[in-house]
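# A look at the structure
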Amino acid sequence: MADPRGFLKHTRADAPKRPTDERLGDWQEVYAALSTEDMTAQVSEQASRCMDCGIPFCHSGSAGCPLGNLIPEWNDMVRRGQWQAAGDRLHATNNFPEFTGKLCPAPCEAACVLAISPEAGGAVTIKRVEETIAEVNWANDHVTAQVTEAHTGKRVAVVGSGPGGLAAAQQLTRAGHEVTVYERDDRIGGLLRYGIPEFKMEKSVLDRRLAQMRDEGTKFITGCEVGVDLTVEDLRAGYDAVVLAVGALRGRDDTTIPGRELKGVHLAMEHLVPANKECEGDGPASISARGKHVIILGGGDTGADCYGTATRQGALSVTQLDNYPQPPTARDDDRSPWPTWPYILRTYPAHEEAGERKFAVAIESFVGDDEGNVRAVRLREVKVQRDENGRRQVVPVSDEVQELPCDLALLAIGFEGVERMPLLDGLGIDLTKRGTIGCGSNWETTTPGVFVCGDAHRGASLVVWAIAEGRSVANAVDAHLTGSSQLPSPVHPTALPLAV
């Protein structure tokens, strides 16, 4: 059993970060490199804080991890130094623990019993333990290709190579199907490749997992937009089933802001994608923050990614704007009681490096120069409210206007769903009111033999939900092709995280 006094002996300790000036000088991950001995010793101590609760909310599908990660089990294995066994238990529920260990915001930690009261010292560092298990197993060559000896003769096309598509592809390949992943970009990975900055996850982490998948038999085709380069007719003729994992990449814009048309005002992904391509060695980014005053509209993850990217590119200043007031630093039990996802101020490593954040403000207008370039933004204090129909409204609360210099403005205000594409028209698939692709209880769309998973189905969400949906759709496709399936199916298409 677990050490019932572990959390009393040890306090929570997150992974140490590299010095700020060092981080801003390169694109490497922000966390400090530790020796294997120090890393395993620190993480084993942190894992010993887990109490192996009788009802472990951390891996509850609604409050904690949608993958159902067996967190108390591998925490205790780590405490005992059984790293390979911990890796086996971790991979039993998660195809890509190194991705989630680096990128997931860890709803499991919010649902940890030790997060109920500050007197308990804080949640177990589940995310850190998870990542370390994965890294130790990779370092010791315990993560190997799982090549099946039984082949079904069925062919499956997966369209899109983000975490949902990759999870579905790996599961279906291991079930004996012949799987081909199609990606319209020049490299595999979707947002893992071109949306996530290098300082959050170095792409060598992605590449080694793709090498494993290739060794298992999954095929990858890049630079192919299905529905254009590969016709829908050829797709349906060549495959017994199709999985749509095309993401929800249609960025939300706000064309009502005066001056939106000025040069230098961009959607966030127009900044992040070329920055990531530069890190891949494709030449200078087409949109760079070097020598510029940068304004980022939007207080979420994408805004923070733009923030850290701009500082590394050499911005003169970076200011991130949020319409909402600054959240509290601790959970308010009346607003978001445990084990729901808490409404608190989230400070990312990028925020510790440079720049500033402003809350309860909105851009009244972009101000341009004589050549049509943005040179400033005008801000007003605001509050967010709902009208009589429940629609969100941003209402000014002051007549005072503040003007900030701005040479580059980035709109990181979310995503509106799946991009319009010939593939969907050719398959006869309409989008829902939320801009997503609907499906039945078995993940099948309105077009027989065509399934959906990940952000394309759920809308822009967490990497852990994408992997969970990818594993679940693999079960559905396997059953569709063979009559039954032994593959795990951790979530239902209608599953939602517990929220208030």
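Since the structure is predicted, the reported quantities are computational estimates derived from the model, not experimental observations.

Attention now moves to the sheet that holds strand β5 (residues 265-267). Read from one edge to the other, the open sheet built from 5 strands follows the order β5-β13-β6-β7-β8, with strand pairing classed as parallel. Taken across any chain shown, the strands that pair with only one partner, and hence form the sheet edges, are β5 and β8 (356-359). Strand-to-strand twist in this sheet, taken as the mean axis angle between neighbours without regard to direction, amounts to 20°. In terms of strand pairing, strand β6 (residues 293-297) meets strand β13 (residues 408-411) through 4 bridges, oriented parallel. If you follow V294 over to β13, its bridge partner there is L408. Lying on the sheet, helix α13 (residues 268-279) is in contact with β5 and β13; it crosses β5 at an angle near 75°. Running at roughly 170° to strand β7 (residues 317-322), helix α14 (residues 301-313) makes contact with β6, β7, β8 and β13 of the sheet.

Counting residues in hydrophobic clusters, the biggest one holds 42 residues, and the most contacted among them are V156, L166, M201, V243, V473 and V477. Breaking this core down by element, the ones donating at least two residues are α6 (97-103), β1 (155-159), α9 (163-174), β2 (178-182), α11 (203-216), β4 (241-244) and α17 (463-482). Broken down by element, this core gets its largest block of residues, 10 residues, from α17. Counting 24 residues, the second largest nonpolar core, distinct from the first, contains C50, I71, I126 and V136.

So, how was this worked out
- Residues numbered from 1 in each chain as written.
- Predicted model: local features only at pLDDT ≥ 70, side-chain atom pairs only at ≥ 80, totals over all residues.
- Heavy atoms only, no water.
- Pairing = 2+ DSSP bridges.
- Helix = DSSP H or I, 4+ residues; strand = E, 2+ residues; numbered from the N terminus.
- Axes fitted to C-alpha atoms, helices over the stretch in contact; angles between N-to-C directions.
- Contact = heavy atoms within 4.5 Å.
- Core = buried A, V, L, I, M, F, W, Y, C linked by side-chain atoms within 4.5 Å.
- Buried < 20%, exposed > 50% of the residue type's maximum accessible area, 1.4 Å probe, protein only.

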